[in-house]
Protein chains: 2
Amino acid sequence: MADLIEVMRAKGMRVTAARRRIIAALTHLGHATPDAVAAAVATDGGPDLPSSTIYRSLDALEELGFVSHTHLDHRAPTYHLAAHADHVHLVCLGCGAIDQMPSAAAQDLVALMQRERGFRADVTHMAIHGWCVDCEAAR
Amino acid sequence: MADLIEVMRAKGMRVTAARRRIIAALTHLGHATPDAVAAAVATDGGPDLPSSTIYRSLDALEELGFVSHTHLDHRAPTYHLAAHADHVHLVCLGCGAIDQMPSAAAQDLVALMQRERGFRADVTHMAIHGWCVDCEAAR
DNA sequence: TTGAATGCAAAAAATTTGCATATTG
DNA sequence: CAATATGCAAATTTTTTGCATTCAA
């Protein structure tokens, strides 16, 4: 996190209280929707943050590369720190359960995309939808 | 599509004009946001469909398994017919370009998830984010 | 006939924007 | 001091819901 602060400054981006609190919330939550981030910072002792600040901060941090997001469920974008242990999400379409596997599981796919398309994929936190053992059995 | 109609009836689901038009729009468009579907049906000669009907129909068709959706970009869910040629989407975080590769490219990953977690993944139309050759070169 | 879907209007969510003010570097 | 970010209010955009009416089977 110390380096995150460094990079923010290096990029001319300001290290404000709001951003520190949002980063702290993400660190603590792991993954969170903008709404969940708002709820989290609301309980850290500081004043509530308007949603505009939440959105703008997440965007800024994402542009910087320290935060990214995926769509785990139907509607909400889920943000997380890039430094957060990287894994892919196995989202069950039946019960909604979310399992994880190390991103390395996708290394062959990544290599293939690189080789055939010159595409440098970021499969960190990628969401893969399907059916978990239990729901699959029930079908 | 004939079988789609059959299955709809078999499931006790009704084959209405609205649904036929929405299916036709998806067939024609390939991928489309609810908004794009609305725009498409608005030009097929019939009356405009209220967004509530668009949403409810897409949900119903998705539940049936004939339609599914992914999140290609930041905000909009993109729907497509399950029968639509299956591929994974390579979405560039830089320029937004969307390339495709056959879903088979992910077969190793699918096998791994199956083997280690009993998870039956549907990688059809899965979105993979990253950087295309050009944007990567520009970084 | 009768349950399923539609259409419409209104409500609820989610996200974005403008602008004056406060803060950071 | 100058540029950047915040806070707040308002506007957009997107999605959902209730309910009377219509339609498919």
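Participant: Account for the domain arrangement of chain A, with residues named and values stated.
Facilitator: Many descriptions give the size of an interface as the accessible area lost when the pieces come together. Residues and elements named next belong to chain A. Domain boundaries assigned for chain A yield domain 1 (2-82) and domain 2 (86-138). Here the C-alpha centre of domain 2 lies 24 Å away from the C-alpha centre of domain 1. Counting residues at the interface gives seven residues for domain 1 and nine residues for domain 2. Between domain 1 and domain 2, the buried area comes to about 580 Å², and carbon and sulfur atoms account for 63% of it. Per-residue buried area on domain 1 facing domain 2 is highest for H31, T70 and L72; these three make up 68% of the total on that side. Here domain 1 and domain 2 share zero salt bridges between them. A class-by-class count of the residues in the side of domain 1 that touches domain 2 yields three nonpolar, four polar and no charged.

Participant: Tell me about the sheet that holds strand β3 (residues 87-92) of chain B, and please be specific about residues and values.
Facilitator: Within a sheet, each strand pairs with its neighbour through backbone hydrogen bonds, oriented either parallel or antiparallel. Read from one edge of the open sheet, four strands run β5(A)-β6(B)-β3(B)-β4(B), paired in mixed fashion. With one partner strand each, in any of the chains shown, β5 (120-121) of chain A together with β4 (98-102) of chain B form the two edges of the open sheet. Pairing between β3 of chain B and strand β6 (residues 127-131) of chain B: four bridges, direction parallel. Opposite L90 of chain B, over in β6 of chain B, you have I128 of chain B as the bridge partner.

Participant: Can you explain the environment of A82 of chain A? Please cite residues and give values.
Facilitator: Residues and elements named next belong to chain A. By the element assignment, A82 lies in the loop between β2 (77-81) and β3 (87-92). Among the residues examined, A82 registers a relative accessible area of 34% and is labelled partly exposed. When the C-alpha positions of A82 and G65 are compared, they lie 7.1 Å apart, and in sequence the two are 17 residues distant.

Participant: Requested: an account of the packing of helix α2 (residues 17-29) of chain B against helix α3 (residues 34-41) of chain B, with residues and values cited.
Facilitator: Residue and element names in this part refer to chain B. Contact geometry of α2 with α3 gives a least axis separation of 9 Å together with a crossing angle of 105°. Looking at the two axes, α2 sits roughly perpendicular to α3. Residues R21, I22, A25, L26 and L29 of α2 form the contact with α3, whose participating residues are A36, V37, A40 and V41. Grouping the amino acids of the contact of α2 with α3 by side-chain chemistry returns eight nonpolar, no polar and one charged.

Participant: I'd like to hear about the relation of the copies chain A and chain B, residue by residue, with values.
Facilitator: Note on the copies: chain A fits chain B at an RMSD of 0.1 Å, the axial shift is 0.0 Å, and the rotation between them is 180°. The two molecules are tied by a two-fold rotation axis, judged by turn and shift.

Participant: Give me the lowdown on the protein's contact with DNA strand C, citing residues and values where you can.
Facilitator: In the region of DNA strand C, 21 residues are neighbours, and R9, R14 and Y55 of chain A together with R14 and R75 of chain B sit closest. If you look at DNA strand C and keep only atoms within 4 Å of the protein, 64% of those are sugar or phosphate atoms. Here a phosphate oxygen of DNA strand C and a side-chain polar atom of Y55 of chain A are 2.2 Å apart. Here T53 of chain B contributes a side-chain N or O atom positioned 3.4 Å from a phosphate oxygen of DNA strand C. Elements represented by at least two residues in the surface near DNA strand C include exactly α4 (51-64) of chain A together with α2 and α4 (51-64) of chain B. Residue classes in the surface near DNA strand C are distributed as seven nonpolar, six polar and eight charged.

Participant: Just give me the short version of the interface of chain A and chain B, but keep the residues and values in it.
Facilitator: Opposite the 37 residues of chain A that make contact, chain B presents 37 residues. Summing both sides of the interface, chain A and chain B together bury roughly 3,000 Å²; the carbon and sulfur share of this comes to 62%. Looking only at chain A, the three residues that lose the most surface to chain B are R117, F119 and R120 of chain A, adding up to 22% of its buried area. Summed over the shared surface of chain A and chain B, the result is four salt bridges. Residue D99 of chain A is joined to R117 of chain B by a salt bridge in which the shortest nitrogen-to-oxygen separation is 3.3 Å. Linking chain A with chain B are 13 residue pairs in polar contact (both at pLDDT 80 or more), by the criterion used here. Those elements giving two or more residues to the side of chain A that touches chain B turn out to be α4, β1 (67-71), β3, β4 (98-102), α5 (107-117), β5, β6 (127-131) and α6 (133-137) of chain A. When residues in the side of chain A that touches chain B are grouped by element, the largest group, six residues, is from α5 of chain A. Grouping the amino acids of the side of chain A that touches chain B by side-chain chemistry returns 19 nonpolar, seven polar and 11 charged.

What counts and what doesn't
- Residues numbered from 1 in each chain as written.
- Chains lettered and ligands numbered in written order.
- Predicted model: local features only at pLDDT ≥ 70, side-chain atom pairs only at ≥ 80, totals over all residues.
- Heavy atoms only, no water.
- Domains from an automatic or database assignment.
- Contact = heavy atoms within 4.5 Å.
- Buried area = accessible area lost by both parts, 1.4 Å probe.
- Salt bridge = Lys/Arg side-chain N within 4 Å of Asp/Glu carboxyl O.
- Nonpolar A, V, L, I, M, F, W, Y, C, P; charged D, E, K, R; others polar.
- Pairing = 2+ DSSP bridges.
- Helix = DSSP H or I, 4+ residues; strand = E, 2+ residues; numbered from the N terminus.
- Buried < 20%, exposed > 50% of the residue type's maximum accessible area, 1.4 Å probe, protein only.
- Axes fitted to C-alpha atoms, helices over the stretch in contact; angles between N-to-C directions.
- Parallel < 35°, antiparallel > 145°, perpendicular 65-115°, else oblique.
- Least-squares fit on C-alpha atoms with pLDDT ≥ 70 in both.
- Near = heavy atom within 4 Å.
- Polar contact = N/O pair within 3.5 Å; in protein donor to acceptor, adjacent residues only side chain to side chain.

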